[in-house]
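# Structural description and commentary
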Amino acid sequence: VARTRLHNWAIAHGYSPHTPPSPAVIQTTAQTHSLQTYSNPHGHTLAIHLLAADAYTVAQLLASTAPPVHALIAHAFLDLVECRPLLSSLHPILDPAARLYCTINFDGLTVFEPPIDPELDRTIEQLYHATMDTRTVGGRPAGHSQTGRRLFHDLRATGYTVLDMGSSDWTVFPQPDGYANEDAAFLHHILDFVAGALTGHTALAPLALQSWITARRNQIKTGELFYMAHQLDYLARPVQSI
């Protein structure tokens, strides 16, 4: 998707692709590389290098092969990893004046309204969040349900200054004529996440979860369900080399 969109952007802004006309892709076991170069009549050149790989691998490659990075975006990502080790590994690749923009970091609040069974609602929310706190990938902790607020301290502890922060809550609610755009499909996906995380959980009766999910899906069909997830965005810069 990135190759197609950036290629179209370059063409729309007067750049011509060098040969080969389509991006060359090198696929390995853990990484995908793509490099495409463009030029325009004014003598400006543009090189787009896409790399899909583990974030730690990207940090290592950029540290050894590339000039300092001036802008780094972590979009809906840092609440899926162990923040402090990753932020530390990214610090060396950043220019001293670089900006780090970390968006949509979940911060421990999930709201489904109207209530079905207040006690069951609370139990499902708490167990759902707890799965985020205990999740691991490859032996590493993989996120936390309160990454949003913890990230303020994680950034400062790993050599960054927080320049700004603010909420980026998801709020999905029915309009008078139903849900806008693909909001209903989005809500069904959120319920899929909850069901996938809690199916088989020893602290929750299977029929209770199934009934709850079914009731929430019915609320989507009838245009009743309101959903909110609290999240935080951060803008930061490196303090100094560490």
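First things first, this report covers the structure right here in the doc. (Residues numbered from 1 in each chain as written. Predicted model: local features only at pLDDT ≥ 70, side-chain atom pairs only at ≥ 80, totals over all residues. Heavy atoms only, no water.)

Within helix H5 (residues 147-157), the full set of buried residues consists of Thr147, Gly148, Leu151, Asp154 and Leu155. Seen along its axis, H5 keeps its buried residues to an arc of 95°; they face one direction. Structurally, H5 contributes buried residues whose contacts are with helix H3 (83-90), strand S6 (94-113), strand S9 (160-167) and strand S11 (226-238). Taken from the residues just after H5, glycine 159 is the one with a positive phi, measuring 95°. (Buried < 20%, exposed > 50% of the residue type's maximum accessible area, 1.4 Å probe, protein only. Helix = DSSP H or I, 4+ residues; strand = E, 2+ residues; numbered from the N terminus. Arc of directions from axis to C-beta. Contact = heavy atoms within 4.5 Å.)

Looking now at the packing of helix H2 (residues 55-65) against H3. With their axes 9 Å apart at the nearest point, H2 and H3 run at an angle of 20° to one another. One way to sum up the angle between H2 and H3 is to call them roughly parallel. For the crossing formed where H2 meets H3, the hand is left-handed. Only Pro85, Leu86, Ser89 and Leu90 of H3 make contact with H2, whose side of the interface consists of Ala55, Tyr56 and Ala59. (Axes fitted to C-alpha atoms, helices over the stretch in contact; angles between N-to-C directions. Parallel < 35°, antiparallel > 145°, perpendicular 65-115°, else oblique. Left-handed = near helix turned anticlockwise from the far one by under 90°.)

The next point concerns the packing of aromatic side chains. Counted by the stated rule, this structure contains 4 aromatic pairs. Consider the rings of phenylalanine 112 and tryptophan 212, whose centres lie 5.3 Å apart with planes at 90°: the pair is edge-to-face. Taken together, the residues phenylalanine 112 in strand S6 and tryptophan 212 in helix H7 (residues 206-221) connect sequence positions 100 residues apart. Per residue, the accessibility class of phenylalanine 112 equals that of tryptophan 212, and both read buried. Look at phenylalanine 112 and tyrosine 227: their rings are 5.2 Å apart centre to centre, the planes differ by 40°, and that puts the pair in the tilted class. (Phe/Tyr/Trp six-rings, centres within 6.5 Å; stacked < 30°, edge-to-face > 60°.)

Residue placement: serine 145 occurs in the loop between strand S8 (140-141) and H5. Sequence-distant contacts of serine 145, that is, excluding residues within four places in its chain, are made with Phe106, Asp107, Gly108, His129, Met132 and Asp133.

Okay, the pairing of strand S4 (residues 45-52) next. Sheet analysis places strand S3 (residues 32-39) next to S4, joined by 8 bridges and oriented antiparallel. For glutamine 36, the partnering residue across the bridge sits in S4 and is isoleucine 48. In this antiparallel pair of consecutive strands, S3 and S4, the connection spans 5 residues, and glycine 43 shows a positive phi of 85°. (Pairing = 2+ DSSP bridges.)

Right, let's talk about unusual backbone geometry for a bit. Residues other than glycine predominantly adopt negative phi, and peptide bonds predominantly adopt the trans conformation. Cis geometry is adopted by the peptide bond preceding proline 114, which originates at glutamate 113 and carries an omega value of 0°. Looking at where proline 114 falls in the secondary structure, it is placed in the loop between S6 and helix H4 (118-134). Even without being glycine, isoleucine 104 reaches a positive phi, approximately 55°. Among the secondary structure elements, isoleucine 104 is positioned in strand S6.

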